[in-house]
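Chain by chain, the residues run as shown.
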Amino acid sequence: MRKLTEGDLAEIKRLIDNPKYGSSDRARDRARTHLKALGLIRFDRQSWQWEVLPAGRAKLAEERG
């Protein structure tokens, strides 16, 4: 898997900190679309919030060092 951009990493961190807040700004939408395609996050419709999957948490830890 290729390295994630700083925007991707920042979006993972924001979703960990506040999973219900996924603002509708283009950069964040693009980052979430990319992260979903990579299987790092998903949206849980029952709880109506974003979920950072274990692979996403591992990738964040790996890239942040």
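Presented here is a report on the structure given in the accompanying data block.

**What about the nonpolar core?**
Next, step 1: Grouped together as the largest cluster of nonpolar side chains are 10 residues: Leu4, Leu9, Ile12, Leu15, Leu35, Leu40, Ile41, Trp50, Val52 and Leu60.
Next, step 2: Elements represented by at least two residues in this core include exactly α1 (6-17) and β2 (49-52).
Next, step 3: Among the elements that make up this core, the one with the highest residue count is α1 (three residues).
Next, step 4: Excluding residues that lie within four positions of it along the chain, Trp50 makes contacts with Leu15, Pro19, Gly22, Arg32, Lys36, Ile41, Arg42 and Phe43.

**Here we look at the side chain of Glu11**
Next, step 1: With respect to the element layout, Glu11 can be found in helix α1.
Next, step 2: In this view, Glu11 contacts Arg28, Ala31, Arg32 and Leu35; residues no more than four positions away in its chain are not counted.

Criteria and thresholds
- Residues numbered from 1 in each chain as written.
- Predicted model: local features only at pLDDT ≥ 70, side-chain atom pairs only at ≥ 80, totals over all residues.
- Heavy atoms only, no water.
- Core = buried A, V, L, I, M, F, W, Y, C linked by side-chain atoms within 4.5 Å.
- Buried < 20%, exposed > 50% of the residue type's maximum accessible area, 1.4 Å probe, protein only.
- Helix = DSSP H or I, 4+ residues; strand = E, 2+ residues; numbered from the N terminus.
- Contact = heavy atoms within 4.5 Å.

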